[in-house]
Amino acid sequence: MTWAIEEKGYAQRRACGLIGMEPKTYRYASIRPDDAGLRSRLRALAADGRRLRVLVVVDDFTRECLALVADTSLSGRRVGCELDRIVELRGRPLPIVSDKGTELTSHAILLWQEERDVAWLCIAPGKPMQNGFVESLNGRFRDECLDEPVFRGLLMARRIIDARRDDYNGHRPHTSLGGLTPNEFATRSRQDHDQNGLRL
């Protein structure tokens, strides 16, 4: 297949037709650069060599980063506890959209979602733009926070990451929010709802 496309210059559809394969089942090799360097950098960020994992929760409407939870491992039960904390402060979400990470498809999360009657939508594999706000924040978070410091321990990592979340929510205007920060937009949105009599 690859030979027919690369050497002969056939279109994907024609090359698939030669061997009787549906074109949608054949995928080109990824042209993204290998992220092995990034993975090794994330391992090196912790001075003790343990891998650092970060749970990122973003409100699609206000663009607020509701949580950046850093730890060496994140179980489904831990994710459920963090979501409970957010629900206490913000109320129950309509749908939750996530990738299919192991902690987000675990039995504990399925139970959490069922008990609280929350719709949970998973994006298609290899389609990160179906969850674009989180992916955008993840990219900026990697570039601006994880690429710079070497964390001397988990407490230091959490302190730096929490400061980054505060900066993102309170000091960074978004063009999609009319030049407001996520905190300003959320406050204005709540005031608008109160004025319009939509308070529940």
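Everything numeric in this text was worked out from a predicted model, so none of it was measured. Residues take numbers from 1 onward in each chain, read along the sequence in its written order. For this predicted model, a pLDDT threshold of at least 70 governs which residues receive local features, and a threshold of 80 or more governs which side-chain atom pairs are given and counted, while totals over whole chains, interfaces and linings are taken from all residues. As a rule here, side-chain values cover all heavy atoms of the structure and leave hydrogens and water aside.

K.L.:
In this structure, what is going on with the overall build of the protein? I would like to understand it.
P.N.:
For the purposes of this entry, the term helix denotes a DSSP run of H or I that reaches at least four residues, the term strand denotes a run of E that reaches at least two, and both are numbered from the N terminus. Along the protein, the regular secondary structure elements total eight helices and four strands. Only protein chains enter the area calculation, which uses a 1.4 Å probe; residues under 20% of their type maximum are buried, those over 50% are exposed, and those in between are partly exposed. In the protein, which comprises 200 residues, the proportion classed as buried is 32%. By the convention used here, residues are in contact when the closest approach between their heavy atoms is within 4.5 Å. When contacts within the protein are restricted to residue pairs at least 6 apart in sequence, long-range pairs at least 24 apart make up 51% of them. Note that accessible areas follow from Shrake-Rupley with a 1.4 Å probe, and for residues the cover is restricted to the protein chains shown. Accessible surface computed for the protein: about 13300 Å², of which carbon and sulfur atoms make up 52%.

K.L.:
How do you make sense of the packing of helix H4 (residues 76-90) against helix H5 (residues 107-116) when you look at a structure like this?
P.N.:
Between the N-to-C directions of two axes lies an angle of 0 to 180 degrees, each axis being a line fitted to C-alpha atoms and, for a helix, fitted only over the stretch in contact. Running from amino to carboxyl end, H4 crosses H5 at an angle of 30°, the nearest separation of the two axes being 8 Å. As judged from the angle between their axes, H4 and H5 are roughly parallel. On the side of H4, the interface is formed by Gly76, Arg77, Val79, Gly80, Leu83, Asp84 and Val87, while H5 contributes Ala108, Ile109, Trp112 and Arg116. Every angle not falling under 35 degrees, over 145, or within 65 to 115 is termed oblique; those three ranges are roughly parallel, roughly antiparallel and roughly perpendicular.

K.L.:
Would you take a moment to explain empty space enclosed by the protein for this structure?
P.N.:
With a probe scaled to a water molecule rolled over the atoms, the places where space remains empty come into view. With a 1 Å grid laid over protein atoms only, a set of points is called a cavity when a 1.4 Å probe fits there but cannot get out and a pocket when it is open yet has protein on both sides within 12 Å along at least five of seven lines; lining residues have an atom within 4 Å of a point. Grid points are joined across faces, edges and corners, and a volume is the space filled by probe spheres set on the points. Counted according to the given criterion, the structure contains two cavities of 30 Å³ or more. In this model, the second largest cavity occupies a volume close to 30 Å³. Surrounding the second largest cavity, Leu68, Leu137, Phe141, Arg164, Arg165 and Tyr168 form its lining. Those elements that place two or more of their residues in the lining of the second largest cavity are helix H6 (132-146) and helix H7 (154-171). Top contributing element to the lining of the second largest cavity by residue count: H7, with three residues.

K.L.:
Please explain unusual backbone geometry as it appears in this structure.
P.N.:
Most peptide bonds adopt trans geometry, and most residues besides glycine take a negative phi value. Phi is positive for Arg63, close to 65°, though the residue is something other than glycine. Take Arg63: it is sitting in the loop between strand S1 (53-58) and strand S2 (65-71). In this structure Arg63 comes out as buried when scored by relative accessible area, which is 15%. The backbone of Asp117 sits at a positive phi, close to 55°, despite the residue not being glycine. With respect to the element layout, Asp117 can be found in the loop between H5 and strand S4 (119-122).

K.L.:
Would you explain the side chain of Glu82 in this entry?
P.N.:
When you line up the elements, Glu82 lands in helix H4. Assessed through its relative accessible area of 14%, Glu82 is described here as buried. Setting aside its immediate chain neighbours within four residues, Glu82 contacts Leu55 and Val69.

K.L.:
What is the right way to look at the packing of aromatic side chains in this model?
P.N.:
Remark: the centre distance and the inter-plane angle together describe each pair of aromatic rings, the angle taken between the planes. Classification of ring pairs uses Phe, Tyr and Trp, with its six-membered ring standing for Trp, and accepts pairs whose centres are within 6.5 Å; under 30 degrees between planes counts as stacked, over 60 as edge-to-face, and the remaining range as tilted. Enumeration over the complete set of coordinates arrives at two aromatic pairs. On the basis of an interplanar angle of 55° and a centroid distance of 5.3 Å, the ring pair of Phe61 and Phe185 is categorised as tilted. Separated by 124 residues along the polypeptide, Phe61 in the loop between S1 and S2 and Phe185 in helix H8 (residues 182-195) bring together distant segments of the chain. For Phe61, a relative accessible area of 49% corresponds to the partly exposed category.

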